Amino acid sequence: GVSIEDETDLQNLISVYPSPSADGKFTMVAPSLKGENNSIEVYNLNGEKVYETSLHLSPKGESVVTLPLGLGQGVYFLKAHDANGNFGVKKIIIQ
């Protein structure tokens, strides 16, 4: 099963930059996400899922995430998770 420690570890091992972003493009670094079945979801402040995609990481664990232009400015939450159910959430800002 998945323990709380796993979630906390993954939370602390994900970084997203730049934030704020002017164009909705972020680089996510998540070397702890293993395997091919990784994905991200983006939620607005109301908890509504506004974007979802599979995640392809480089050997260094990096991936460029480009959010749809129609999202608009504001605060969003990026949730990255692997096939084992481990996940981490990071706040991102589009300005």
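Would you mind going over the pairing of strand β2 (residues 25-29) with me for this structure?
Consecutive residues of a regular strand have side chains that alternate between opposite faces of the sheet. Counting buried residues in β2 gives four out of five residues, a clear majority hidden from the surface. Bridge analysis of strand β1 (residues 15-17) against β2 gives three bridges, and the strand direction is antiparallel. If you follow Val-16 over to β2, its bridge partner there is Met-28. Judged from the five bridges that link them, β2 and strand β5 (residues 62-66) form a sheet pairing that is antiparallel. For Thr-27, the partnering residue across the bridge sits in β5 and is Val-64.

Looking at this model, I keep getting lost on unusual backbone geometry. Mind explaining?
Most peptide bonds take the trans form, and the phi angle of most residues other than glycine is negative. Following Tyr-17, the chain continues to Pro-18 via a peptide bond in cis, the omega torsion being -10°. You can see Pro-18 is positioned in the loop between β1 and β2. Along the chain, Ser-19 connects to Pro-20 via a cis peptide bond; the corresponding omega equals 10°. Within the secondary structure layout, Pro-20 lies in the loop between β1 and β2.

I tried to follow the nonpolar core on my own but got confused; where do I start?
Core analysis: the biggest nonpolar cluster contains 17 residues, and Met-28, Ile-40, Val-65, Leu-67, Leu-78, Ala-80 and Ile-92 have the highest contact counts within it. If we ignore the near neighbours within four places in the chain, the residues touching Leu-67 are Gly-24, Phe-26, Val-42, Tyr-51, Ile-92 and Ile-94.

What is the right way to read the sheet that holds strand β6 (residues 74-81) from this model?
To summarise the sheet geometry, strands pair through backbone hydrogen bonds and adopt either a parallel or an antiparallel arrangement. An order of β4-β3-β6-β7 is seen for the four strands of this open sheet, with the pairing classed as antiparallel. Bordering the open sheet on either side are β4 (49-55) and β7 (87-94), each of which pairs with just one other strand. Each strand axis lies, on average, 20° off the axis of its neighbour in the sheet, ignoring direction. Sheet topology places β6 next to β7; eight bridges connect them, and they run antiparallel. Its bridge partner being in β7, Phe-77 is matched across the sheet by Lys-91.

What's the story with the environment of Tyr-76 in this structure? I'm lost.
Position of Tyr-76 among the secondary structure elements: in strand β6. Look at Tyr-76 and you get buried, because its relative accessible area is 6%. The sequence separation of Tyr-76 and Val-50 amounts to 26 residues, and the corresponding C-alpha distance is 9.1 Å. Sequence-distant contacts of Tyr-76, that is, excluding residues within four places in its chain, are made with Val-42, Tyr-43, Asn-44, Val-50, Leu-71, Lys-90, Lys-91, Ile-92 and Ile-94. Here Gly-72 takes part through its backbone oxygen, which lies 3.1 Å from a polar atom of the side chain of Tyr-76.

In this structure, what is going on with the packing of aromatic side chains? I would like to understand it.
Given two aromatic rings, one states the distance between the centres and the angle between the planes to describe the pair. Scanning the model with the defined rule gives zero aromatic pairs in all. Lys-79 extends its terminal NZ or CZ atom over the ring of Phe-87, reaching a point 4.6 Å from the ring centre.

What counts as what
- Here the residue numbers are simple positions, counted from 1 along each chain's written sequence.
- Side-chain atom pairs in this predicted model are given and counted only at pLDDT of 80 or more, local residue features only at pLDDT of at least 70, and totals for whole chains, interfaces and linings cover all residues.
- Excluded from the side-chain calculations are hydrogens and water; all other atoms, namely the structure's heavy atoms, are used.
- Each residue's exposure class comes from its accessible area (1.4 Å probe, protein chains only) as a fraction of the maximum for that residue type: buried when under 20%, exposed when over 50%, partly exposed otherwise.
- Helix and strand assignments follow DSSP, with helices taken as H or I runs no shorter than four residues and strands as E runs no shorter than two, numbered in order from the N terminus.
- Any two strands are treated as partners once DSSP identifies two or more bridges connecting them.
- The criterion is simple. A nonpolar core is a set of buried Ala, Val, Leu, Ile, Met, Phe, Trp, Tyr and Cys residues joined through side-chain atoms within 4.5 Å.
- Contacts between residues were defined by any pair of non-hydrogen atoms, one from each residue, lying within 4.5 Å.
- Axis angles are defined between N-to-C directions and span 0 to 180 degrees, where every axis is a line fitted to C-alpha atoms and, for a helix, only to the segment in contact.
- Any pair of N or O atoms that falls within 3.5 Å is considered a polar contact. Within protein, one atom must be able to donate a hydrogen and the other to accept it, and sequence-neighbouring residues count only if both atoms are side-chain atoms.
- Working definition: a ring pair exists when centres of Phe, Tyr or Trp rings (six-membered ring for Trp) sit within 6.5 Å. Plane angles under 30 degrees give stacked, over 60 give edge-to-face, the rest tilted.
- Working rule: Lys NZ or Arg CZ, within 6 Å of ring centre, within 35 degrees of ring normal, means a charge sits over the ring.

The values reported here are purely geometric and, on their own, carry no functional implication.
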